[in-house]
Amino acid sequence: MPYVTVVGGETFEVEMGKKLVLALEDSGVNILHQCGGNARCTTCRVEVMDGNYLEVTQKEKTAFENKGIDEHLLSDDCLRLSCQILVNGDITVRPIMTVENTGKAAGPRPAD
Ligand code: FES
């Protein structure tokens, strides 16, 4: 099974194919997911520090574009939406927006 490492946090094993946003949340990371995992809010975004996860989907590009986030930033900063990533190999991430650092509610839990 693959491992997810959170920068400055822990490394945990997750079941193959699990959504990254759920893997993070179920491991105690209070990442935001305010649109419920529908690639609209971008609050679930993470910076991918290591792992083969750099191919941004069209859904993600559209979501970032709608939020005014420059596409070049996606590749330069290795940003991905954790609700759109299925964990199929080891990955190291830095969650950007959490309940703790924003003071906001996480949002509805994305579907499995
Ligand atoms: S974009 Fe909203 S939860 Fe991922």
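Residues numbered from 1 in each chain as written. Predicted model: local features only at pLDDT ≥ 70, side-chain atom pairs only at ≥ 80, totals over all residues. Heavy atoms only, no water.

(A) The arrangement of the nonpolar core in detail. Among the nonpolar cores identified, the biggest contains 28 residues, and Val4, Phe12, Leu20, Leu24, Val46, Leu81 and Ile91 are the most heavily contacted of them. At the level of secondary structure, the elements contributing two or more residues to this core comprise strand S1 (3-6), helix H1 (20-26), strand S4 (45-50), helix H2 (58-66), strand S5 (79-81) and strand S7 (91-95). In terms of residue count, the dominant contributor to this core is H1 (five residues). Excluding anything up to four places from it in sequence, leucine 20 contacts Val4, Val46, Ser82, Ile85, Val87, Ile91 and Val93. (Core = buried A, V, L, I, M, F, W, Y, C linked by side-chain atoms within 4.5 Å. Buried < 20%, exposed > 50% of the residue type's maximum accessible area, 1.4 Å probe, protein only. Helix = DSSP H or I, 4+ residues; strand = E, 2+ residues; numbered from the N terminus. Contact = heavy atoms within 4.5 Å.)

(B) Representation of the pairing of S4 in the model. The pairing of S4 with S5 spans three bridges and is classified as antiparallel. Considered in S5, the bridge of arginine 45 is made with leucine 81. Summarising the sheet, S4 and S7 pair through four bridges and their orientation is antiparallel. In the strand pairing of S7, aspartate 50 is matched with threonine 92. (Pairing = 2+ DSSP bridges.)

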